[in-house]
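# Close look at the chain arrangement
If you want the building blocks of each chain, they are given just below.
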Amino acid sequence: MNRLKIISVVGARPQFIKAAAVCRALRQDHDELLVHSGQHYDYAMSDVFFEQLGIPKPDFNLAVGSGSHARQTGEMMPMLEELFTEQCPDLVLVYGDTNTTLAAGLAAAKISIPVAHVEAGLRSFNRRMPEEINRVVVDHLSELLLVPTRAGVANLQAEGITEGVHLVGDVMLDTARFFAENIDSTAALDNFELEREGYYFATVHRAGNSDSSVNLEGIVEAFTQLDKPVVWAIHPRTRKNLKEFGMLERVEAAENIKVIDPTSYIDTISLLGSSAALLTDSGGMQKEAYFFGVPCVTLREETEWVETVELGWNQLVGADPRRILSAVASISRPSLHPNVYGDGRAADAILDVIERAYAD
Ligand code: UD1
């Protein structure tokens with residue numbers, strides 16, 4: 001078997017969580033160069049994940065920072081193209097659906113470097129989501145489509161993508177299993193003065209919610225009326241917009257809302273795992289709630305993780321306060337909890353697919 005040279009490109013929180021598992025598997029027998037686009041740059045959005053998850057220090061940091069979609073994506077591309085040209089990797093590995101995924105996928109494919117897409121095949125069927133555009137484009141450019149779910153395989157098939165498609169399971173489960181074993185959530189609960197299942201955990205960052213004063217208003221209204229305290233880990237973009245829309249003071253003054261900074265990985269899974277339910281518009285956290293057997297109320301109208309809804313663990317309610325409140329009131333923990341995201345060894349499956357495709 002040949003030793004491969006792989007360039008992995010990451011840039012945003014969920015990609016660090018996914019790369020943590022894949023880097024560990026790849027580096028046993030291959031050479032990996034890690035590129036951080038700099039899409040997320042705050043300590044709480046980036047560095048803390050590298051530290052906690054034991055991700056190797058990036059070999060390159062493009063430091064693109066925030067910007068409009070075209071600017072962010074556009075600024076990354078020439079830097080990535082130069083790097084890929086210089087380094088001549090056998091493969092470029094991209095993750096998920098962010099602007100970093102799109103920039104790296106496009107830059108590599110245009111100079112004929114094979115692209116492998118981790119978390120391929122997911123669809124919300126909502127083209128107003130920037131992430132949906134990123135996913136569709138990258139899936140159509142990728143040579144290897146590393147798909148977490150059966151629904152993902154079917155989505156690709158419906159778009160005519162059948163070659164290079166591999167059902168490997170979900171790498172976020174690998175990371176969750178790896179860390180959950182060693183986590184004592186008591187520390188996080190004590191630190192935030194919370195009781196097990198005595199609170200709801202909340203996050204909101206999706207553009208459709210955080211850039212809309214109407215949606216934020218609906219979400220805040222619902223949170224203030226919930227029957228348990230809401231621990232809200234606020235994304236910087238959401239904080240900025242709440243302030244701009246004149247809602248931040250109300251949120252901070254609300255008796256049952258506890259606003260906290262974006263949480264590290266360990267704090268996130270500790271707070272999530274011990275909560276009565278998760279309220280979120282995040283994609284990854286809907287799954288993490290499922291991994292830990294926590295009911296989820298999703299503040300969106302659609303989800304890529306349809307299994308969680310079909311199995312009764314997740315309710316889609318958008319940003320309408322009445323729907324949010326009635327969903328929380330009807331929360332239950334269904335008895336069925338099958339392994340729809342695989343067995344927590346997706347990174348090994350990915351390594352295997354990559355080796356069979358390029359190293360033999
Ligand atoms: C991005 C991804 C989204 C993913 C999310 C995880 C895209 C299109 N979206 O959304 O799919 O679920 O990451 O968090 O790629 N900001 C900071 N500090 C940071 C990063 C961001 O203050 O370290 C603020 C800036 O005001 C920035 C805004 O957040 O403009 C949005 O950041 P951006 O990276 O564009 O998108 P996210 O909302 O984080």
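To be clear, the structure that these remarks concern was listed above.
The notes below deal with the structure included here.

This next bit is on the sheet that holds strand β6 (residues 144–147). Ordered in space as β3-β2-β1-β4-β5-β6-β7, the seven strands form an open sheet in which the pairing is parallel. With one partner strand each, in any of the chains shown, β3 (60–61) and β7 (165–167) form the two edges of the open sheet. In this sheet, β6 lies alongside strand β5 (residues 115–118) in parallel orientation, the contact comprising three bridges. Bridging from a neighbouring strand, Ala-116 pairs with Leu-144 of β6.

Okay, the nonpolar core next. Ranked by internal contacts, the top residues of the largest apolar core, which has 47 residues, are Leu-93 and Ile-354. By residue number, the principal contributor to this core is helix α1 (residues 13–26), which donates nine residues. Both domains that furnish three or more residues to this core are identified here as domain 1 (5–170 + 342–359) and domain 2 (186–329). Those residues in contact with Leu-93 that lie beyond four places of it in its chain are Ile-6, Ile-7, Ser-8, Val-9, Val-22, Leu-26, Ala-116, Val-118, Leu-146 and Ile-354. Among the nonpolar cores identified, the runner-up in size contains 28 residues, and Ile-219, Leu-248, Val-317 and Ile-324 belong to it.

Before going further, it helps to examine the site of the ligand. By nearness alone, 21 residues border the ligand, and Gln-39, His-40, Asp-42, Glu-131 and Arg-237 come closest of all. Taking Gln-39, its side chain carries an N or O atom lying 2.8 Å from an oxygen atom of the ligand. A distance of 2.9 Å is found between an oxygen atom of the ligand and a backbone nitrogen or oxygen belonging to Asn-99. A total of 740 Å² of accessible area belongs to the ligand in isolation, and the protein chains cover 90% of it. Of all the secondary structure elements, the ones that give two or more residues to the shell around the ligand are α1, α3 (69–87) and α11 (236–244). A total of three residues in the shell around the ligand trace back to one element, the largest contributor, which is α11. A class-by-class count of the residues in the shell around the ligand yields five nonpolar, nine polar and seven charged. Both domain 1 (5–170 + 342–359) and domain 2 (186–329) contribute no fewer than three residues apiece to the shell around the ligand.

What follows concerns the environment of Arg-24. Mapping Arg-24 onto the fold places it in helix α1. In this structure Arg-24 comes out as partly exposed when scored by relative accessible area, which is 33%. In the structure, Arg-24 is positioned 138 residues away from Thr-162 in sequence and 28 Å away in space, judged by C-alpha atoms. Look past the residues within four positions of Arg-24 in its chain and what remains in contact with it is Leu-53 and Phe-178.

Scoring rules and cut-offs
Residues numbered from 1 in each chain as written. Predicted model: local features only at pLDDT ≥ 70, side-chain atom pairs only at ≥ 80, totals over all residues. Heavy atoms only, no water. Pairing = 2+ DSSP bridges. Helix = DSSP H or I, 4+ residues; strand = E, 2+ residues; numbered from the N terminus. Core = buried A, V, L, I, M, F, W, Y, C linked by side-chain atoms within 4.5 Å. Buried < 20%, exposed > 50% of the residue type's maximum accessible area, 1.4 Å probe, protein only. Domains from an automatic or database assignment. Contact = heavy atoms within 4.5 Å. Near = heavy atom within 4 Å. Polar contact = N/O pair within 3.5 Å; in protein donor to acceptor, adjacent residues only side chain to side chain. Areas by Shrake-Rupley, 256 points an atom, 1.4 Å probe, with all protein chains shown as cover. Nonpolar A, V, L, I, M, F, W, Y, C, P; charged D, E, K, R; others polar.

By themselves, these figures tell us nothing about what the structure is for.
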